[in-house]
Amino acid sequence: MTLDSPAAPSTPADTPSPRRQITIRRPDDWHIHLRDGEILRKVLPLTAMQFARGIVMPNLSPPVTTVEAALAYRARILAALPAGADFVPLMTCYLTDTTTPEEIERGFSERAWIAAKLYPAGATTNAHHGVTDLNRLAPVLERMERIGMPLLTHGESTDPTVDIFDREARFMEESLVPLLARHQGLKIVAEHVTTAEALDVVRAHAPRMGATITPHHLMINRSAMFQGGLRPHHYCLPVAKREHHRLALRKAATGGETCFFLGTDTAPHPRRAKEAACGCAGIFHGAIALQCYAQVFAEEGALDRLEAFAAFNGARFHGLAPNEGSVTLAELPADPPQPLDLGEDEIVVFREGETLPWSILR
Ligand code: NCD
Ligand code: ZN
């Protein structure tokens, strides 16, 4: 990693000279939704511009529950990559009530997938095939523990009587902490953590436990959903929480603790599906996720810790070597993100209309 304040003497008069810049090892995104078909072809190049590898979520419709489905999905992703892009998709298995230990192990040993994703049934987008009873998953989790395969969790209670802002903390307390005790060797990632409570559970169980933290949960709190009216493009799951949780997340991400790593949860939905009477959950980051993280780390005075968060901690957790190559980010204002054109519709990008203070230098 190198951190500079370059003089930039040859910058043209109409482009502001960068104030700070940082070169880090090529980063990975440990939580992405690439979808399929046309949306896959549109969003994949944007992820590949920023990240060398990504853990691809399996919540397609139908979900990716078998080795064959994971291999076929990976082939479609590789076919959708622009020429010259060297992005590596790391696949996951969607756990259901009928997942078998044999299928889990087969996919892991054949390197069809590197982890399994637990969606409590109904917890989020395309989670209705998810797990209804964690106890029945015990044989699968025991096998994962034995073979060293990580469990990625969407950690929210699905009890409809639990307040939506309490669902993550309740899942931690009622489901995840007991599961951690039952499976003491199981590697677990708490995905897209949003609460101080979740951070404490992760810290208490590191290093076999880690967590991904999204750009949006570092940048917005729950009021952003109601700023002057209803803001569907700030609605995701787990839903953003109170400001004190956001501050705790910023401290965790930028504090140098190796159990926390980058995972955008970039989740594209067409505008019409978001701006609806019952709009769906998901925030899309397009090509600006890394710039958002750089802004947060700069604001926290922790630019020197961005590289570990973005390029080392997650790789170490998953037993992978860091990427070769590097990327340079500069404090250079960039044009506001534009929606992604889908022809009949479009996908709104996080921070639409805002000038971003950080850019990727190409
Ligand atoms: C994700 C999606 O749209 O697939 N939505 C979201 O709000 N994060 C699903 C998920 O990760 O929960
Ligand atoms: Zn997700």
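What comes next is a walk through the structure.

Comments concerning the side chain of Lys-241
Next, step 1: Relative to the assigned elements, Lys-241 resides in the loop between helix H7 (215-219) and helix H8 (243-254).
Next, step 2: Here Lys-241 occupies a buried position and makes no salt bridge, while the nearest side chain of opposite charge, Glu-156, is found at 4.8 Å.
Next, step 3: A polar contact is formed between the side chain of Lys-241 and the side chain of Thr-194, at a distance of 2.8 Å.
Next, step 4: Among the polar contacts made by the side chain of Lys-241, one reaches the main-chain carbonyl oxygen of Val-239 at a distance of 2.8 Å.

What about the sheet that holds strand S3 (residues 28-32)?
Next, step 1: Pairing within the open sheet is parallel, and its three strands lie in the order S3-S4-S5. The strands lining the two open edges of the sheet, one partner per strand, are S3 and strand S5 (88-90). On average, each strand axis in the sheet is inclined to that of its neighbour by 25 degrees, with strand direction left out of account.

Points about the coordination of the zinc ion (ligand 2)
Next, step 1: Only His-31 (NE2), His-33 (NE2) and Asp-265 (OD) from the protein reach the zinc ion (ligand 2) as donors, at distances of 2.0 Å.
Next, step 2: Of note is the zinc ion (ligand 2), whose four donor atoms meet at the metal with angles of 92 to 140 degrees in an arrangement that counts as irregular.
Next, step 3: Of note, the donors binding the zinc ion (ligand 2) are all from one chain and are spaced H-x1-H-x231-D. Grouping residues by exposure puts His-31 and His-33 together as buried.

Notes on the pairing of strand S7 (residues 115-118)
Next, step 1: Here S7 shows a buried face lined by Ala-115 and Lys-117 and a second buried face lined by Ala-116 and Leu-118.
Next, step 2: Relative to S7, strand S6 (residues 92-94) is paired through three bridges, and the arrangement is parallel. What sits directly across from Cys-93, in S7, is Ala-116.
Next, step 3: In this sheet, strand S8 (residues 151-153) lies alongside S7 in parallel orientation, the contact comprising three bridges. In the strand pairing of S8, Leu-118 is matched with Thr-153.
Next, step 4: Each parallel crossover has a hand, and the one from S7 via helix H4 (residues 138-147) to S8 is right-handed.

So, the pattern of salt bridges
Next, step 1: All chains considered together, the criterion is met by 22 salt bridges.
Next, step 2: Between Glu-103 and Arg-106 there is a salt bridge, and its shortest N-O distance comes to 3.4 Å. Taken together, the residues span about one helical turn, with Glu-103 and Arg-106 both in helix H3 (residues 101-109) at a distance of three residues.
Next, step 3: Residue class for Arg-106 comes out partly exposed when judged on its relative accessible area of 29%.
Next, step 4: Its salt-bridge partner being Glu-346, residue Arg-271 comes within 2.8 Å of it at the nearest N-O pair.

Here's the deal with the site of ligand 1
Next, step 1: Within the structure, ligand 1 sits among 15 residues, and Arg-35, Thr-124, Leu-237, Asp-265 and His-269 are positioned closest to it.
Next, step 2: In the model, an oxygen atom of ligand 1 is placed 3.1 Å from a nitrogen or oxygen of the His-33 side chain.
Next, step 3: Within the backbone of Leu-237, an N or O atom sits 2.8 Å from an oxygen atom of ligand 1.
Next, step 4: The fraction of the free accessible surface of ligand 1 (310 Å²) that becomes covered by protein chains is 100%.
Next, step 5: The residue inventory of the shell around ligand 1, partitioned by class, reads four nonpolar, nine polar and two charged.

What about the environment of Pro-150?
Next, step 1: By the secondary structure assignment, Pro-150 is in the loop between H4 and S8.
Next, step 2: A residue is classified by how much of its surface remains accessible, and Pro-150, at 4% relative accessible area, is buried.
Next, step 3: Residues Pro-150 and Ala-204, spaced 54 residues apart in sequence, show a C-alpha to C-alpha distance of 17 Å.
Next, step 4: Apart from residues lying up to four places away in sequence, Pro-150 is in contact with Ile-114, Ala-115, Ala-116, Met-144, Lys-187, Phe-317 and His-318.

Regarding the sheet that holds S7
Next, step 1: Judged by pairing direction, the sheet is parallel, and its six strands sit side by side in the order S6-S7-S8-S9-S10-S11 without closing on themselves. Of all strands in the sheet, those bounded by a partner on one side alone are S6 and strand S11 (260-262). When the angles between neighbouring strand axes are averaged without regard to direction, this sheet yields 30 degrees.
Next, step 2: Of the pairings in the sheet, the one linking S8 to strand S9 (residues 188-190) comprises three bridges and is parallel in character. Bridge pairing links Leu-152 to Val-189 in S9.
Next, step 3: With respect to the sheet, helix H5 (residues 167-182) is in contact with S7, S8, S9 and strand S10 (209-213), its orientation differing from that of S9 by roughly 165 degrees.

Parameters at a glance
Residues numbered from 1 in each chain as written. Chains lettered and ligands numbered in written order. Predicted model: local features only at pLDDT ≥ 70, side-chain atom pairs only at ≥ 80, totals over all residues. Heavy atoms only, no water. Helix = DSSP H or I, 4+ residues; strand = E, 2+ residues; numbered from the N terminus. Buried < 20%, exposed > 50% of the residue type's maximum accessible area, 1.4 Å probe, protein only. Lys, Arg positive; Asp, Glu negative; His and termini not counted. Salt bridge = Lys/Arg side-chain N within 4 Å of Asp/Glu carboxyl O. Polar contact = N/O pair within 3.5 Å; in protein donor to acceptor, adjacent residues only side chain to side chain. Pairing = 2+ DSSP bridges. Axes fitted to C-alpha atoms, helices over the stretch in contact; angles between N-to-C directions. Donors = N, O, S within 2.8 Å, 3.2 Å for Na, K, Ca; no water. Tetrahedral: all angles 85-135°; square planar, octahedral: opposite > 155°, others 65-115°. Right-handed = clockwise from strand over helix to strand, strands pointing away. Near = heavy atom within 4 Å. Areas by Shrake-Rupley, 256 points an atom, 1.4 Å probe, with all protein chains shown as cover. Nonpolar A, V, L, I, M, F, W, Y, C, P; charged D, E, K, R; others polar. Contact = heavy atoms within 4.5 Å.

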